[in-house]
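Residues per chain are reported as follows:
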Amino acid sequence: MSLTVDDIKTCLEGVVPATMTTADTDGVPHVVTLSKVEYVDATHIALSRQFFRTTVANLANNPRACVFVTDPITYAMYKLHARFVRSENEGPLFERMRTRIEAIASMMGMEDVFRLQAADVFEVDRVESVAGARSGDPP
Amino acid sequence: MVGSVSPDGVPDCARVWGPAVSDDGRRIRVSLPAHTADPLLDNVEAGSVVALSFADVVTFETYQVKGRAVAVGEPVAADRAAARKHHEAFCSRAISVGIPETVRACPYEPAHVLTIEIDRLFVQTPGVRAP
């Protein structure tokens, strides 16, 4: 059975930081840690854009991304194979993410660093359970 | 974490353990559990540049290495010890900031070892100057 974003929603609670890889047009990968992966719907997520100059440049030329997320309870791990769709810097999604980012930053004392610039929306083509971890079944 | 790219531009990411820098500082060895080998090893075999990101989960101090794999091999005792030590340190730091004890279930036993020749190394700690 194919997994969807609905099956891994507990991974998006922000407890365990997620990681994303993008690539430039020369095939050079770039890895960043994400403050927040936001659930949008069963096939879309939104990622917090804060200070990712290389990632933004990469996505402008190659929209593909791999997002690595972890369930905070079972530590099951998943790869979300996704495609950048659009950026939002206003509206309900952006405001929801900004509120959560500010809460995370406040807890970490990094209010000046973790400032949300945009909510980047991605379409998730495939959710892959990372075999060997305590995954296999959706949480 | 390690990032790689397929020949048709599809990025991948995977968790690696036990980094060990060579005496001359030009190469770094990392261990891959079996579940992280696919498609990383295929991408490396096809010539992918790799990006290694090392982050402290408490301070967010982060460094990234870009380079190419110059060897893929079997782990030796030192690799297993380095992976185990890294896993224990990672779990302790993660638990100290509220990540549940289940983090200890994260697989780390090496199945393969990548040796990467370092092309670039840069600071990636979050902030306005992060690349």
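The structure this text deals with has already been given above.
Here is what the cut-offs are and how they apply
Residues numbered from 1 in each chain as written. Chains lettered and ligands numbered in written order. Predicted model: local features only at pLDDT ≥ 70, side-chain atom pairs only at ≥ 80, totals over all residues. Heavy atoms only, no water. Pairing = 2+ DSSP bridges. Helix = DSSP H or I, 4+ residues; strand = E, 2+ residues; numbered from the N terminus. Axes fitted to C-alpha atoms, helices over the stretch in contact; angles between N-to-C directions. Contact = heavy atoms within 4.5 Å. Buried area = accessible area lost by both parts, 1.4 Å probe. Salt bridge = Lys/Arg side-chain N within 4 Å of Asp/Glu carboxyl O. Buried < 20%, exposed > 50% of the residue type's maximum accessible area, 1.4 Å probe, protein only. Arc of directions from axis to C-beta.

Draft legend 1. Structural view of the sheet that holds strand β4 (residues 44-49) of chain A. All names here are of chain A. Here seven strands make up an open sheet; going across it, the order is β2-β1-β5-β6-β7-β4-β3 and the pairing antiparallel. Edge positions in the sheet fall to β2 (29-34) and β3 (37-41), since each of these pairs with one other strand and no more. For this sheet the average axis-to-axis angle between neighbouring strands, irrespective of direction, equals 35°. Across ten bridges, strand β6 (residues 77-88) lies against strand β7 (residues 118-129) in antiparallel orientation. For R86, the partnering residue across the bridge sits in β7 and is V121. Against the sheet, helix α1 (residues 53-61) touches β1 (18-23), β2, β4, β5 (64-70), β6 and β7, its axis set at about 50° to β1.

Draft legend 2. Spotlight on the interface of chain B and chain A. If you look at the interface, chain B gives 39 residues, while chain A gives 39 residues. The junction of chain B with chain A conceals about 3000 Å² of combined surface from both sides, 65% of it contributed by carbon and sulfur atoms. Per-residue buried area on chain B facing chain A is highest for P11, C13 and F60 of chain B; these three make up 19% of the total on that side. At the junction of chain B with chain A, the criterion picks out one salt bridge.

Draft legend 3. Highlighting the pattern of salt bridges. This model, assessed by the stated rule, comprises 14 salt bridges over all chains. One network of salt bridges, with partners in common, ties together K36, E38, R96 and R100 of chain A.

Draft legend 4. Just unusual backbone geometry, in detail. Each neighbour pair has its own omega, and for D38 of chain B with P39 of chain B the value is 5°, a cis peptide bond. Tracing the backbone shows P39 of chain B in helix α1 (residues 37-45). Of note in this structure, Y75 of chain A is not a glycine but carries a positive phi near 60°. Mapped onto the secondary structure, Y75 of chain A falls in the loop between β5 and β6. We note that F60 of chain B has phi near 65°; this positive angle belongs to a residue other than glycine. Judged by relative accessible area, which is 13%, F60 of chain B ranks as buried.

Draft legend 5. Focus on the sheet that holds strand β6 (residues 62-73) of chain B. Residue and element names in this part refer to chain B. Across the sheet, which stays open at both edges, the seven strands sit in the order β2-β1-β5-β6-β7-β4-β3 with antiparallel pairing between neighbours. Looking at the sheet topology across the chains shown, the edges are occupied by β2 (11-14) and β3 (17-21). Pairwise comparison of adjacent strand axes, ignoring direction, gives a mean angle of 30° for this sheet. Relative to strand β7 (residues 112-123), β6 runs antiparallel, the two being bridged by ten bridges. When the sheet's bridge partners are listed, A71 is paired in β7 with T115. Sitting on the sheet, α1 is in contact with β1 (2-5), β2, β4 (27-32), β5 (49-55), β6 and β7, with an inclination near 75° to β7.

Draft legend 6. Just the environment of G67 of chain B, in detail. Residues and elements named next belong to chain B. Looking at the element boundaries, G67 is found in strand β6. Given the relative accessible area of 3%, G67 is considered buried. Spatially, the C-alpha atoms of G67 and V16 are 15 Å apart, while their sequence positions differ by 51 residues. Ignoring any residue separated from it by four or fewer positions in sequence, one finds G67 in contact with V49, V50, I116, E117 and D119.

Draft legend 7. Expanded view of the side chain of T19 of chain A. Positionally, T19 of chain A belongs in strand β1. Among the residues examined, T19 of chain A registers a relative accessible area of 7% and is labelled buried. Beyond its immediate sequence surroundings of up to four residues, T19 of chain A is in contact with V31, V32, T33, L34, C66, V67 and F68 of chain A together with M1 and C13 of chain B.

Draft legend 8. Representation of α1 of chain B within the structure. Residues and elements named next belong to chain B. Every buried residue belonging to α1 is among A37, L40, L41, N43 and V44, and all of these are buried. End-on view of α1: buried residues confined to an arc of 160°, all on one side of the axis. Set apart from the buried face of α1 by more than 90 degrees, the exposed residues are D38 and E45. In this fold, the buried residues of α1 make contact with β1, β2, β4, β5, β6 and β7. Looking one or two places after α1, you find G47, whose phi comes out positive at around 105°.

The values reported here are purely geometric and, on their own, carry no functional implication.
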